[in-house]
Amino acid sequence: MPDLLLELRSEEIPARMQRRAAEDLRKLVTDALVERGFLYEGAKAFATPRRLALHVAGLPPRGEAVREERRGPRVGAPEAAVQGFLKGAGLTSLDQAQTITDPKKGEFYLAVIEKPGRETLDVLAEILPEIVKNFPWPKAMRWGAASAQPGALRWVRPLQSIVATFGPETETPEVVPFEVGGIRAGTTTYGHRFLAPGAIEVRRFDDYIQALEKAKVILDADRRKDVILHDARDLAFARGLDLVEDEGLLEEVAGLVEWPVVLLGSFDDAFLDIPAEAIRATIRANQKCFVLRKSGSEDLAPAFILVSNLVASDGGLAITAGNERVVRARLSDAKFFWETDKAIRLAERLPKLDSIVFHEKLGTQGARIQRIAALAKELAPLVGADPAEAEQAARLAKADLVTEMVGEFPELQGLMGAKYAVLEGLPPSVATAIGDHYKPLGPTDRVPSDPVAIAVALADKIDTLVGFWAIDEKPTGSKDPYALRRAALGVIRLILDRGLRLRLRDQFGAADRQLGDRAGADPADLLAFFADRLKVYLRDQGARHDLVDAVFALPGQDDLLLIVRRVEALQAFLNSEDGKNLLAGYKRAANILRIEEKKDGRAYDAAPDAALAAQGEPAERALAEALQTARTEASKAVEAEDFAGAMRALSTLRAPVDAFFTDVTVNAPDPKLRENRLALLNALRAATREVADFSKIEG
């Protein structure tokens with residue numbers, strides 16, 4: 001079947017935009033085709049610094065004919081209705097319509113609309129220019145003399161040429177006939193800007209890939225990454241060194257070159273006195289280069305890997321020398337920052353934080369540090385930390401924000417503070433806490449293990465959450481400018497990964513009190529936010545979100561560790577036959593109660609009369625006795641935090657509940673008997689609430 005080849009070649013596309021742009025191109029084109037009834041076998045998009053490309057395989061040469069029957073107004077309907085029907089159906093008179101008879105409603109007009117299948121080439125010529133003109137770049141520009149004209153083409157960088165061909169493998173493909181911004185689609189592309197700048201004629205995708213390869217362009221970004229990574233490893237190994245791999249940097253560098261050439265540069269050993277993280281940040285941020293380690297060691301080597309977009313005649317000597325000069329200058333700056341920072345103690349930097357605004361409604365960084373220190377001291381005994389060390393670490397945790405090194409490389413905040421704390425001879429736990437208090441920053445980030453670090457990390461995140469809740473700056477939809485979802489997830493991971501027993505309401509209250517006049521965070525609303533974050537977290541672990549709702553719905557649930565244990569026990573119970581049947585029995589009981597309570601205008605929430613139940617059916621007596629025993633045992637088990645035991649107690653209700661619904665008529669003629677049986681059903685509802693709110697459970 002025919003294939004589509006599309007290439008949009010431009011000036012350099014920023015590396016950070018390339019992956020998303022390629023995916024957008026694939027989705028926009030294939031969605032437009034499918035919307036018009038054109039199915040395909042496969043599609044793949046590509047991006048380099050200078051081009052977006054798309055290959056859609058297995059398209060039909062033409063679309064299928066469409067036959068549609070459109071029912072119109074009743075015969076004899078007003079003229080306006082008839083004319084509207086004719087216009088919508090594309091008819092010029094009623095002679096072109098049919099008449100059908102509905103046995104109940106009479107005669108109606110019917111239009112039979114038959115549309116022949118369209119040529120795929122024509123459809124492509126219709127959709128491709130619209131996609132190019134409306135492409136969703138995060139940022140786009142106009143250029144040239146036509147840029148001031150209304151409707152001028154906007155593209156990420158000036159668009160230079162378009163290749164668009166369509167046809168089967170066995171024939172010469174046709175050019176898709178369209179023009180955008182004065183650029184007409186054709187069969188001409190160009191290779192590497194410097195290594196093979198000449199024109200290349202291409203017709204189909206396989207030829208295109210091969211032609212670009214000969215012209216020093218690797219189209220597939222993943223293949224460019226693979227080339228860079230393997231060549232870098234090999235070059236490092238040949239020098240007895242190990243590559244410090246960096247996936248983010250690798251992705252970025254692969255988006256900067258079309259023909260990667262890996263080279264090795266070096267710098268003076270004297271720069272190794274700078275912390276390794278600062279060296280890496282300097283070389284990474286300024287030169288997009290990889291650092292190297294001494295083989296089998298964590299110590300950095302005075303060397304780096306750079307990736308060029310050129311095959312130089314001198315083997316890359318000039319390119320390497322140029323990068324070495326820049327790296328030397330950057331490392332000289334970093335060394336100056338490091339030496340300057342070491343001369344000032346962290347505690348001496350704190351007054352500067354009093355003049356830095358954290359948020360206009362929450363005061364300065366200095367005021368925030370006071371709050372975090374007080375909260376960390378209060379949290380310390382609960383997490384096994386020394387209160388004095390927790391308070392000291394919290395007071396110094398943000399001091400490195402006003403250092404030269406962090407001013408130059410903000411990503412080193414916390415880490416540089418830990419380095420300076422070690423140099424000052426501060427307690428190891430204090431230094432560790434300063435370095436780790438931002439953690440975890442994401443789902444794969446390490447969770448602190450030192451108790452002092454845990455106390456400070458919790459205090460930092462809880463203060464952030466409570467503060468922004470107090471000023472009503474909560475996340476809305478996809479917007480979360482203060483990363484509050486990440487902060488809540490950090491608290492959840494700290495508590496669960498380290499097995500901490502904390503009452504969140506108490507910690508929210510303590511943090512709120514520290515806000516003074518700004519206090520006013522709603523603990524219930526913030527706890528609901530945590531419930532949503534916990535659902536997301538547990539869903540990734542394979543837990544059901546509705547079970548989290550069922551547990552959180554019980555009063556007083558703010559101990560995340562116990563909530564998770566209860567959810568785990570509940571999920572295991574509901575996966576058993578006893579659990580499934582009891583849930584079904586509960587839902588039947590709840591439905592009956594809802595109907596009868598609405599009809600009677602009252603709640604049947606009084607305790608059932610045991611003596612009256614004893615006079616009823618055997619199944620009724622059995623359920624009354626089982627409910628009393630099960631609720632007592634479940635309550636004791638929950639009190640002992642034995643949630644599996646609580647589920648076992650509830651499992652004993654399965655048989656008597658089944659028997660009750662089989663043998664007993666709830667709506668008995670005797671009003672007292674009916675009322676007591678409804679009270680029994682309410683007792684079942686109450687018994688299950690010892691472990692969870694079953695009304696929140698799906699299924």
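Please read all numbers here as calculations on a predicted model, not as lab measurements. (Residues numbered from 1 in each chain as written. Predicted model: local features only at pLDDT ≥ 70, side-chain atom pairs only at ≥ 80, totals over all residues. Heavy atoms only, no water.)

Engineer: It is not clear to me how helix α5 (residues 221–238) should be interpreted in this structure. Could you clarify?
Structural biologist: Residues three or four positions apart in an α-helix share a direction because the helix packs 3.6 residues into each turn. Between its terminal C-alpha atoms α5 stretches 26 Å, which fits the 26 Å expected from 18 residues at 1.5 Å a residue. Those residues of α5 that sit buried are A221, R224, K225, I228, L229, A232 and A236. Down the axis of α5, the buried set is contained in an arc of 130 degrees. They therefore lie on one face. Facing away from the buried side of α5 by more than 90 degrees, the exposed set consists of D234, F237 and A238. Near the N-terminus of α5, the side chain that reaches the backbone nitrogen of D222, with its oxygen 2.9 Å away, is that of D220. Immediately beyond the C-terminal end of α5, within one or two residues, lies G240, with a positive phi of roughly 75 degrees. (Helix = DSSP H or I, 4+ residues; strand = E, 2+ residues; numbered from the N terminus. Expected span 1.5 Å × (residues − 1). Buried < 20%, exposed > 50% of the residue type's maximum accessible area, 1.4 Å probe, protein only. Arc of directions from axis to C-beta. Polar contact = N/O pair within 3.5 Å; in protein donor to acceptor, adjacent residues only side chain to side chain.)

Engineer: Help me out: how do you make sense of the sheet that holds strand β16 (residues 300–308) in this one?
Structural biologist: What holds strands together in a sheet is hydrogen bonding between their backbones, with the strands either parallel or antiparallel. Strand order in the open sheet made by the four strands is β13-β15-β16-β14, with antiparallel pairing throughout. Across the chains shown, the open sheet's two edge strands, defined by having one partner strand only, are β13 (241–243) and β14 (261–266). Adjacent strand axes in the sheet meet at a mean angle of 35 degrees, parallel and antiparallel pairs treated alike. Relative to strand β15 (residues 290–294), β13 runs antiparallel, the two sharing three bridges. Residue pairing for β15: D242 is matched across the bridge by R293. The sheet strands contacting helix α8 (residues 317–342) are β14 and β16, and the helix crosses β16 at an angle near 130 degrees. (Pairing = 2+ DSSP bridges. Axes fitted to C-alpha atoms, helices over the stretch in contact; angles between N-to-C directions. Contact = heavy atoms within 4.5 Å.)

Engineer: Could you clarify how one ought to interpret the pattern of salt bridges in this entry?
Structural biologist: Should their charged atoms come close, side chains of opposite charge can pair. Counting across every chain of the model gives 61 salt bridges. Across the pair D546 and R544 runs a salt bridge, and its minimum N-O distance is 2.7 Å. The class of R544 is partly exposed, set by a relative accessible area of 29%. Put simply, E577 and K580 hold a salt bridge, and the shortest N to O gap is 3.9 Å. Taken as a pair, E577 and K580 lie in helix α21 (residues 577–600) at a separation of three residues, close to a single helical turn. Each member of the salt-bridge network shares a partner with another, and the members are R19, D222, K225, E247 and E251. (Salt bridge = Lys/Arg side-chain N within 4 Å of Asp/Glu carboxyl O.)

Engineer: Even after reading the chapter, I still don't get the side chain of T403, so can you show me in this structure?
Structural biologist: As for its position among the elements, T403 is in the loop between α11 (387–396) and α12 (404–408). On the basis of relative accessibility, which here comes to 4%, the residue T403 falls in the buried class. Once residues lying within four places of it in the same chain are set aside, the contact partners of T403 are D341, R349 and Y420.

Engineer: What should I look at first to understand helix α4 (residues 205–214) in this one?
Structural biologist: Of the positions making up α4, those classed as buried are F205, Y208, A211 and L212. All buried residues of α4 lie within an arc of 125 degrees about the axis, which places them on one face of the element. Buried residues belonging to α4 abut β1 (3–10), β2 (42–48), β3 (51–57), β11 (188–190) and β12 (199–201). Following α4 by one or two positions, K216 has its phi on the positive side, about 65 degrees.

Engineer: What is the right way to read unusual backbone geometry from this model?
Structural biologist: Residues apart from glycine generally show negative phi values, whereas peptide bonds are mostly found in trans. Across the junction of K439 and P440, the peptide omega takes the value -10 degrees, indicating a cis bond. The topology assignment puts P440 in the loop between α14 (428–436) and α15 (451–470). Here K216, not a glycine, exhibits a phi torsion of approximately 65 degrees, which is positive. Residue placement: K216 occurs in the loop between α4 and α5. Phi at A483 takes a positive value of approximately 55 degrees, unusual for a residue other than glycine. Tracing the chain through its elements places A483 in the loop between α15 and α16 (484–497).

Engineer: Quick question: what am I supposed to make of the domain arrangement of the protein here?
Structural biologist: Bring the parts together and some accessible area is lost; that lost area is often taken as the interface size. Partitioning the protein into domains gives domain 1 (3–61 + 119–214), domain 2 (66–115), domain 3 (221–342), domain 4 (348–542) and domain 5 (571–696). Averaged C-alpha coordinates put domain 1 and domain 2 at centres separated by 43 Å. (Domains from an automatic or database assignment.)

Engineer: Whenever I open this one, the nonpolar core confuses me. Can you help?
Structural biologist: Within soluble globular proteins, side chains that are nonpolar tend to cluster in buried spots. One finds M405, L458 and L534 to be the most contacted residues of the largest nonpolar core, which totals 144 residues. A total of 14 residues in this core trace back to one element, the largest contributor, which is α15. Among residues more than four places away in sequence, those in contact with M405 are I274, A278, A334, F337, W338, D341, L412, M416 and Y420. Grouped together as the second largest cluster of nonpolar side chains are 40 residues, L52, L124, I131 and V180 included. (Core = buried A, V, L, I, M, F, W, Y, C linked by side-chain atoms within 4.5 Å.)

Engineer: Sorry, what's going on with the packing of helix α17 (residues 504–514) against helix α18 (residues 523–540) here?
Structural biologist: Running from N to C, α17 and α18 point in directions that differ by 125 degrees, and their axes come no closer than 10 Å. Between α17 and α18, the interaxial angle falls into the category oblique. Here the hand of the crossing between α17 and α18 comes out right-handed. Residues L504, R505 and F508 of α17 form the contact with α18, whose own contacting residues are P523, A524, L526, L527 and F530. (Parallel < 35°, antiparallel > 145°, perpendicular 65-115°, else oblique. Left-handed = near helix turned anticlockwise from the far one by under 90°.)

Engineer: I tried to follow the side chain of Q287 on my own but got confused; where do I start?
Structural biologist: Take Q287: it is sitting in helix α7 (residues 276–287). Once residues within four sequence positions are removed from consideration, Q287 is found in contact with T282, N323, V326 and V327.

Engineer: Would you take a moment to explain the environment of V112 for this structure?
Structural biologist: Among the secondary structure elements, V112 is positioned in strand β6 (residues 106–115). The class of V112 is partly exposed, set by a relative accessible area of 23%. For the pair V112 and L496, spaced 384 residues apart in the sequence, the C-alpha separation amounts to 64 Å. Those residues in contact with V112 that sit more than four places away from it in its chain are R67, E68, E69 and Q98.

Engineer: What's the story with the sheet that holds strand β8 (residues 174–175) in this structure? I'm lost.
Structural biologist: The strand order β2-β3-β1-β7-β8 describes an open sheet built from five strands, whose pairing is antiparallel. Looking at strand neighbours, the two that pair on one side only are β2 and β8, the edges of this open sheet. Here eight bridges tie β1 to strand β7 (residues 159–167), and the two strands are oriented antiparallel to one another. Along β7, the bridge assignment pairs L8 with I162.

Engineer: Would you mind going over the pairing of β3 with me for this structure?
Structural biologist: Residues in a regular strand project their side chains so that they alternate between the two faces of the sheet. Most of β3 sits out of view: seven of its seven residues are buried. Burial along β3 is two-sided: R51, A53, H55 and A57 facing one way and L52, L54 and V56 facing the other are all buried. Here six bridges tie β1 to β3, and the two strands are oriented antiparallel to one another. Bridge pairing in β3 places L5 opposite H55. Counting the residues that bridge the hairpin from β2 to β3 gives two residues.

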